[in-house]
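# Reading the structure
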Amino acid sequence: MDTEQGIISHAQVHELIDIVRKVHGFDFSGYTKASLKRRLTRIMLLNKFEFYDLKHVLINDADFFQGFLEEITVNVTEMFRDPSFYRAVNSQVVPYLSTYQHVKIWSAGCSTGEEVYSMAILLNEAGLGKKSFIYGTDINTEVLKEARKGIYSLRNIKSYAENYQYTDLKGSITDHFTILYDAASIHNELKQNTLFSVHNLISDTVFNEFQMISCRNVFIYFETYLQERILDLFYKSLCPLGYLCLGSKETIRSDTFKSKFKVINQKENIYQKVGT
Amino acid sequence: MGPDKKLLERWHAAQIVLLGGSAGSFKILFRIIKDLPEKLGKTVILIIHRKKNFFSEIEKLFAENSRMYMREIEDKDILKTDTMYIAPANYHTLIERGGYFSLDVSEPVWYSKPSIDVTFESAAEVYGDKCMAILLSGANQDGAKGLLKLKKSGSLTIAQEPGDAEMAEMPKAAINLGAADYVLTQDEIFKLLLS
């Protein structure tokens, strides 16, 4: 009954962060600790590890790390999560995007791709499908494999269907999928203009210029100083007047960046780059 | 009879008040938020199970009727005195060592997001004996383990009397775990919170 209590201490969390940085080159020091600790505890319980077992495999078992990375980063996502956000994008960002000949969008921390395809559906419905291209990036190669497939279990699609109803987009979510027994495959025309690749927000740099960047429910895992560093990366990756979308409970806390981004929608945390 | 002296002392010493409720807890929570004074001298945190796409209803109703300043938690909000925070739907709410909240979208716990266990456990780690927590009516077992962790960290822990709750399972699970210092009826809970 008492297995939960103090399974890993604060100091041990820091010890593991150190090991992961030195051995694997991933820096988790800017992650919020309560959440990180919960993930580490979960990994230990799943593997029936004591702290020293976990330390040992992180140092000595190279194959363990990919699975570790997958567990440590939260990959829970939904299609059309926060339907009101998609309504806001449709009414406040799409008119701006439509003035461009080619629209480039970056979905940062895209996990298994649900948000990328939600955006692809929205743009397609707005008539921008042919001229837009969405880049989905994540630090995790395994989730990107899933994203590229664009195949989701029917059970999940059912739960996304309710979100879809609230977006005010026409039809139903299944209009955009081919159903195969217990799975649903996103239509090829929606997949064509997407590209999924590995990018680490903490250590990688600018790789293109975008009219819109969506990074939703990623900042919640980062300390504010790290958020600020990544805001700088986003600022540099946006074209003048480009849009930045954060999660519905994530705001720009940094004073420096408050003056570099204008609030377009307070509730949905949609911002526009000002200045150059 | 009013609350006993030891209980009163511990209530007055608490700096952080955690209220966890699920099915059947709305009425009692509504009465609590309506009756708590504007300047309680404590931080109040509400964790309430609810459906994800209907977020604004409970928050709006509570905010309109509470005397204390009320706020739906946003990521990295700092815990302040005389503020009532409500954990947002479709996120888990955690408390960090620096005295601020962080949110998390990971898997539901007991089919619930927000999960009461998640917030209670992280509060126990950061604030230990500075907390008091009440686990109210509910139809699953979320919150019981978290309440136990709070108790072990020195927090004052209370479960609603199951016979007095609309849904007995949640407080009952906590009592069975030995997580509750006190088992109180609705009326006893009000008396305590207002004294």
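In this text the structure is predicted, and so the values were computed from the model without any measurement.

This part takes up the overall build of chain B. The secondary structure content of chain B amounts to 7 helices and 9 strands. Scaling as 2.2 N^0.38, a compact globule of 195 residues should have a C-alpha radius of gyration of about 16 Å, and chain B matches this with 15 Å. Based on the C-alpha atoms only, the size of chain B along its principal axes is roughly 40 × 35 × 30 Å. Expressed as a percentage of its 195 residues, the buried residues of chain B come to 51%. In chain B, once contacts between residues fewer than 6 apart in sequence are set aside, the share between residues at least 24 apart is 71%.

Take the overall build of chain A next. Looking only at helices and strands, one finds 11 helices and 10 strands in chain A. Since a compact globule built from 276 residues should have a radius of gyration of about 19 Å, the 20 Å found for chain A is in line with a globular shape. Each principal axis of the C-alpha distribution contributes one length, and for chain A these read about 55 × 50 × 30 Å. When each of the 276 residues of chain A is scored for burial, the buried share is 39%. Pairs at least 24 residues apart make up 76% of the contacts formed inside chain A by residues separated by at least 6 positions.

For the rest of this paragraph, the subject is the interface of chain B and chain A. The interface is formed by 20 residues belonging to chain B together with 20 residues belonging to chain A. Elements represented by at least two residues in the side of chain B that touches chain A include exactly strand 5 (92–95), strand 6 (101–104) and helix 5 (144–152) of chain B. For the side of chain B that touches chain A, the class distribution of residues is 6 nonpolar, 4 polar and 10 charged.

So, on to unusual backbone geometry. For the bond running from Lys113(B) to Pro114(B), omega is 15°, close enough to zero to count as cis. Here Pro114(B) lies in the loop between strand 6 and helix 4 (116–127). The phi dihedral of Lys48(A) falls on the positive side, at around 55°, and the residue is not glycine. As for its position among the elements, Lys48(A) is in the loop between helix 2 (33–47) and helix 3 (51–60). We note that Asp168(A) has phi near 70°; this positive angle belongs to a residue other than glycine. By the element assignment, Asp168(A) lies in the loop between helix 8 (154–165) and strand 4 (177–180).

What follows covers the domain arrangement of chain A. Residues and elements named next belong to chain A. Looking at the assigned domains, one finds that chain A contains domain 1 (10–72) and domain 2 (83–273). Taking only C-alpha atoms into account, the centre of domain 1 sits 28 Å from that of domain 2. Across the contact, 8 residues belong to domain 1 and 10 residues belong to domain 2. A per-element tally of the side of domain 1 that touches domain 2 places helix 4 (residues 64–72) first, with 3 residues. Of the residues that constitute the side of domain 1 that touches domain 2, the class distribution is 2 nonpolar, 4 polar and 2 charged.

Attention now goes to the pairing of strand 2 (residues 132–138) of chain A. All names here are of chain A. The element strand 2 is largely enclosed, with a buried count of 6 among its 7 residues. Strand direction decides the pairing type here: strand 1 (residues 103–108) and strand 2, joined by 6 bridges, are parallel. For serine 107, the partnering residue across the bridge sits in strand 2 and is glycine 136. Running through helix 6 (residues 114–125), the crossover from strand 1 to the neighbouring parallel element strand 2 is right-handed. Bridge count between strand 2 and strand 6 (residues 194–198): 5 bridges; the pairing is parallel. Counted as the bridge partner of aspartate 138 is valine 198 from strand 6.

Time to look at the sheet that holds strand 5 (residues 183–186) of chain A. Across a sheet, paired strands are connected by hydrogen bonds in the backbone, their directions being either parallel or antiparallel. Residue and element names in this part refer to chain A. Here 3 strands make up an open sheet; going across it, the order is 3-5-4 and the pairing antiparallel. Of all strands in the sheet, those with a lone pairing partner are strand 3 (151–153) and strand 4, marking the two edges. Strand-to-strand twist in this sheet, taken as the mean axis angle between neighbours without regard to direction, amounts to 30°. Pairing of strand 4 with strand 5, which is carried by 4 bridges, proceeds in the antiparallel orientation. Bridge pairing links phenylalanine 177 to isoleucine 186 in strand 5. Against the sheet, helix 8 contacts strand 3, strand 4 and strand 5, and its axis sits at roughly 85° relative to strand 3.

As a further point, take helix 2 (residues 26–35) of chain B. All names here are of chain B. The set of residues buried in helix 2 consists of Ile28, Leu29, Ile32 and Ile33. Down the axis of helix 2, the sector holding all buried residues measures 130°, keeping them to one side. Residues of helix 2 that are exposed and point over 90 degrees away from its buried face: Lys34 and Asp35.

The next point concerns the sheet that holds strand 7 (residues 131–135) of chain B. Residues and elements named next belong to chain B. The strand order 3-4-2-1-7-8-9 describes an open sheet built from 7 strands, whose pairing is parallel. Either end of the sheet is taken by a strand with one partner, and the two such strands are strand 3 (69–72) and strand 9 (182–184). Here the average twist between neighbouring strands, direction ignored, is 20°. Judged from the 5 bridges that link them, strand 1 (residues 16–21) and strand 7 form a sheet pairing that is parallel. Note that in strand 7 the partner of leucine 18 across the bridge is alanine 133.

Let's shift gears to the packing of helix 5 of chain B against helix 6 (residues 169–177) of chain B. Residue and element names in this part refer to chain B. One way to put it is that helix 5 packs onto helix 6 with a least axis distance of 8 Å and a crossing angle of 45°. Of the possible angle classes, the one that applies to helix 5 and helix 6 is oblique. In the crossing of helix 5 with helix 6, the sense of the turn from one axis to the other is right-handed. Contacts from Ala144, Leu147 and Leu148 of helix 5 reach helix 6 at Ala173, Ala174 and Leu177. When the residues that make up the contact of helix 5 with helix 6 are grouped by side-chain class, the tally is 6 nonpolar, no polar and no charged.

Our focus in this paragraph is the pairing of strand 2 (residues 43–48) of chain B. Residue and element names in this part refer to chain B. For strand 2, the buried fraction is high: 6 of the 6 residues fall into the buried class. Every second residue of strand 2 is oriented toward a common face, with Thr43, Ile45 and Ile47 on one face and Val44, Leu46 and Ile48 on the other, all of them buried. Handedness of the crossover is the feature at issue here: the chain leaves strand 1, passes through helix 2, returns alongside strand 2, and the resulting connection is right-handed. Sheet topology note: the strand 2/strand 4 (residues 83–86) ladder contains 4 bridges and is parallel. Bridging across to strand 4, leucine 46 finds its partner in isoleucine 86.

Reading guide: rules and limits
- Residues numbered from 1 in each chain as written.
- Chains lettered and ligands numbered in written order.
- Predicted model: local features only at pLDDT ≥ 70, side-chain atom pairs only at ≥ 80, totals over all residues.
- Helix = DSSP H or I, 4+ residues; strand = E, 2+ residues; numbered from the N terminus.
- Rg over C-alpha atoms; globule rule 2.2 N^0.38 Å.
- Buried ≥ 20, exposed ≤ 12 C-beta atoms within 10 Å, placed from the backbone.
- Contact = placed C-beta atoms within 7 Å.
- Nonpolar A, V, L, I, M, F, W, Y, C, P; charged D, E, K, R; others polar.
- Domains from an automatic or database assignment.
- Pairing = 2+ DSSP bridges.
- Right-handed = clockwise from strand over helix to strand, strands pointing away.
- Axes fitted to C-alpha atoms, helices over the stretch in contact; angles between N-to-C directions.
- Arc of directions from axis to C-beta.
- Parallel < 35°, antiparallel > 145°, perpendicular 65-115°, else oblique.
- Left-handed = near helix turned anticlockwise from the far one by under 90°.

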